[in-house]
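Chain by chain, the residues:
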Amino acid sequence: MSIIDPKWRLNNLYRIIDRDANSIKFQLNSVQAHVLENMHYRNLILKARQLGMSTFAVLYLLDQVLFSENLQAGIVSYSLEHAQHIFKRIIGHALDTLPSHLKPLTGIVQRSAREITFNNGSSLRVDTTLRGGSYPLVLVSEFGKTCARNPQKAEEVITGTLQAVPKDGKVIIESTGEGNEGFFAEMVMEASRRGNDSITALDYKLFFYNWLQEPSYQIEEKVNYDVSLTDYFDKIEKEVGHPITQPQRNWYAVQGRILGDKLKQEFPSTVSESFLTSSDAFYFAEAVSRAYNGNRCLYTSLYDALLPVYIAMDIGLNDLTVIVFFQIAHGEIRVIDYYEDKNKDVPFYAKYLLQDKRFLYHTIFLPHDSVKRDPLDISNSYERDFQRLFSGTGTRFHVLKRMDKQLSISHAKMMIDRCVFNVNRVKPFLDKLSKYRKKWNESLGRYLEEPLHNEASNHADAFQYLSQAVGHLEKTSSMKGAMELHKKVVESRYRRVI
């Protein structure tokens, strides 16, 4: 080994500040060495928390610019604070503690708050965006956070920064999972489905490192935990192909007590677990996950010809319209179908419901603003048009009252636990529902109690109208003890399955 070998340099030249604020010599751990030895032109790194991947990736870029001539490298961070941390605490410390005999070789020509230029003509910039430049070597750090908190910035990274990297350049995108929405989740899942065999220079190679690959994640002392966690460990052992030791099981159980529903996101065992969404950001993702895990997402028809069919609609004649079809049986809400379209008028949707979906509709529930089609003539409304087109069918129409948004979301969260879904018909609807999320406030550094208007908003609104419709039906009809009846139905179905 010598100074011309990047692996030797990374193991011998740089110092980092560890978790205890001590300056220590950086040395590659097993997962870092694996990435270095198997790196492709385009690289996606999905990892559990605290495996040192961010530090490795930053030092890799620093090492490349120090020992290459005229190389422009850039690091994109999810926030200004994180960018400053990278620049000062990782890059700055590594440069300031280089062996003294190397400092003349890596002389700094210019050092600003976000960029360093070296006497070999190379430079390294760290920022929240890399506008106005072309960088052959790019690291996008914690891209999952960018996608979750600032979708516009994420799109700028994809369409701007990464498109400017030449074909023979190198891209490293590393992150933990931060919910199932956005470019990072989509890129990882696509790479996972495709695999790493026979990929082109422009295809992303996926590296996944779960919590089991960190040797320190162990507790020797005895830890008591529920039998369901034992079943989970047995299941994961089969999936990953190697045993999970008792100390590892103890550590994971303790982390579960601390992190709760964030455990699988922070310390995933599998790729799919990485994108189980955080309840901090996503309104319905946890409830949708419960529906899948609780045998309430079925691949068989739920339609009962003897039961009334109801519809809840989110109307957007100049936007997306989402229609949800449901029935209620013994307190159980059966979501049997859905439909979406955009830029269509009332006659189109009426024709679709009457001719393409030949259900006998009991009641169609319209949103509170369906009476305001024409601000100059309130009698000219969606409700009136639908009633005219459905005349003679016996179908009733009910305009739901305006409801406080946070109350509406909370109500829908409770209702979703009573729902059973025909996945063959409504999976896209469920996928969108799980992506409905809160706005992120960069200056406050937290999610706001306010929904982000995105492509999932119409689907989420339609489900909230469904929930409100069920509440109306239960108040005005003989549907008593609905929750108790629903529990009995679910328990009965679960016993039949197992």
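Our structure is the block above this text.
Residues numbered from 1 in each chain as written. Predicted model: local features only at pLDDT ≥ 70, side-chain atom pairs only at ≥ 80, totals over all residues. Heavy atoms only, no water.

(A) How the structure looks around the sheet that holds strand β6 (residues 115-118). Strand order across the open sheet formed by 8 strands is β5-β6-β7-β4-β8-β9-β3-β10, with mixed pairing between neighbours. At either margin of the open sheet sits one strand with a lone partner, and together these are β5 (108-111) and β10 (205-209). The sheet shows a mean angle of 10° between the axes of neighbouring strands, taken without regard to direction. As paired strands, β5 and β6 are joined by 3 bridges and run antiparallel to one another. When the bridges of β6 are listed, Gln 110 appears paired with Thr 117. With respect to the sheet, helix α4 (residues 80-96) is in contact with β4 (72-76), β5, β6, β7 (123-127) and β8 (137-141), its orientation differing from that of β7 by roughly 150°. Strands in contact with helix α7 (residues 183-194) are β3 (42-47), β9 (170-175) and β10; relative to β3, the strand with the most contacts, it is inclined by about 100°. (Pairing = 2+ DSSP bridges. Helix = DSSP H or I, 4+ residues; strand = E, 2+ residues; numbered from the N terminus. Axes fitted to C-alpha atoms, helices over the stretch in contact; angles between N-to-C directions. Contact = heavy atoms within 4.5 Å.)

(B) Structural view of the pairing of β8. Along β8, 5 of the 5 residues are buried, which leaves the element largely enclosed by surrounding structure. Judged by which residues are buried, β8 turns out to be covered on both faces: Leu 137, Leu 139 and Ser 141 on one side and Val 138 and Val 140 on the other are all buried. Bridge analysis of β4 against β8 gives 4 bridges, and the strand direction is parallel. Paired with Ala 73 across the bridge in β8 is Leu 137. As defined by bridge partners, β8 adjoins β9 across 5 bridges and the pair is classed as parallel. Bridge pairing in β9 places Leu 139 opposite Ile 172. (Buried < 20%, exposed > 50% of the residue type's maximum accessible area, 1.4 Å probe, protein only.)

(C) Main features of the nonpolar core. If you look at the biggest cluster of nonpolar residues, it comprises 59 residues, and the most contacted ones within it are Phe 56, Leu 62, Ile 91 and Trp 211. By size, the runner-up hydrophobic cluster in this structure holds 39 residues, among which are Cys 297, Phe 365, Leu 400 and Tyr 465. (Core = buried A, V, L, I, M, F, W, Y, C linked by side-chain atoms within 4.5 Å.)

(D) Layout of the packing of helix α8 (residues 227-240) against helix α9 (residues 246-259). Where α8 meets α9, the axes come as close as 11 Å, and the angle between the chain directions of the two elements is 125°. Classed by the angle they form, the pair α8 and α9 counts as oblique. For the crossing formed where α8 meets α9, the hand is right-handed. For the pair formed by α8 and α9, the contact residues are Leu 229, Thr 230, Tyr 232, Phe 233, Asp 234 and Glu 237 on the first element and Arg 249, Tyr 252 and Ala 253 on the second. Broken down by class, the residue content of the contact of α8 with α9 amounts to 5 nonpolar, 1 polar and 3 charged. (Parallel < 35°, antiparallel > 145°, perpendicular 65-115°, else oblique. Left-handed = near helix turned anticlockwise from the far one by under 90°. Nonpolar A, V, L, I, M, F, W, Y, C, P; charged D, E, K, R; others polar.)

(E) Representation of the layout of surface pockets. Computed from the structure, the second largest pocket encloses a volume of approximately 940 Å³. Forming the boundary of the second largest pocket are 32 residues, of which Arg 19, Gln 50, Leu 51, Gly 52 and Thr 55 lie nearest the centre. Contributions of two or more residues to the lining of the second largest pocket are made by β1 (15-17), β2 (23-25), α2 (30-37), α3 (53-66) and α4. Top element by residues in the lining of the second largest pocket is α4. It accounts for 5 residues. (1 Å grid on protein atoms, 1.4 Å probe; cavity = no way out; pocket = protein on both sides within 12 Å on 5 of 7 lines; lining within 4 Å. Points joined across faces, edges and corners; volume = space filled by probe spheres on them.)

(F) Highlighting the sheet that holds strand β15 (residues 361-366). Pairing is mixed across the open sheet formed by 7 strands, whose spatial order is β11-β17-β14-β13-β12-β15-β16. Every other strand in the sheet has two partners, leaving β11 (297-298) and β16 (396-399) as the edge strands with one partner each. As defined by bridge partners, strand β14 (residues 332-342) adjoins strand β17 (residues 419-422) across 3 bridges and the pair is classed as parallel. If you follow Ile 333 over to β17, its bridge partner there is Cys 419.

(G) Up close: the pairing of β16. Along β16, the buried face is formed by Phe 397 and Val 399; none of Arg 396 and His 398, which line the opposite face, is buried. Bridge analysis of β15 against β16 gives 4 bridges, and the strand direction is parallel. Residue Leu 366 lies in a different strand from β16, and its bridge partner there is Val 399.

(H) Molecular detail of α2. Looking at α2, one finds that the buried residues are Val 31, Gln 32, Ala 33, Val 35 and Leu 36. Tucked into the core, α2 has its buried residues touching α1 (6-12), β3, α3 and β10. Sitting at the amino-terminal end of α2 is Asn 29, which places a side-chain oxygen 3.2 Å from the backbone nitrogen of Val 31. (Polar contact = N/O pair within 3.5 Å; in protein donor to acceptor, adjacent residues only side chain to side chain.)

(I) The arrangement of the pattern of salt bridges in detail. In this structure the tally under the stated criterion is 27 salt bridges. Here Lys 7 makes a salt bridge to Glu 37, at a shortest N to O gap of 2.6 Å. Note that Lys 7 is positioned in helix α1 and Glu 37 in helix α2, a separation of 30 residues in sequence. Look at Lys 7 and you get partly exposed, because its relative accessible area is 27%. (Salt bridge = Lys/Arg side-chain N within 4 Å of Asp/Glu carboxyl O.)

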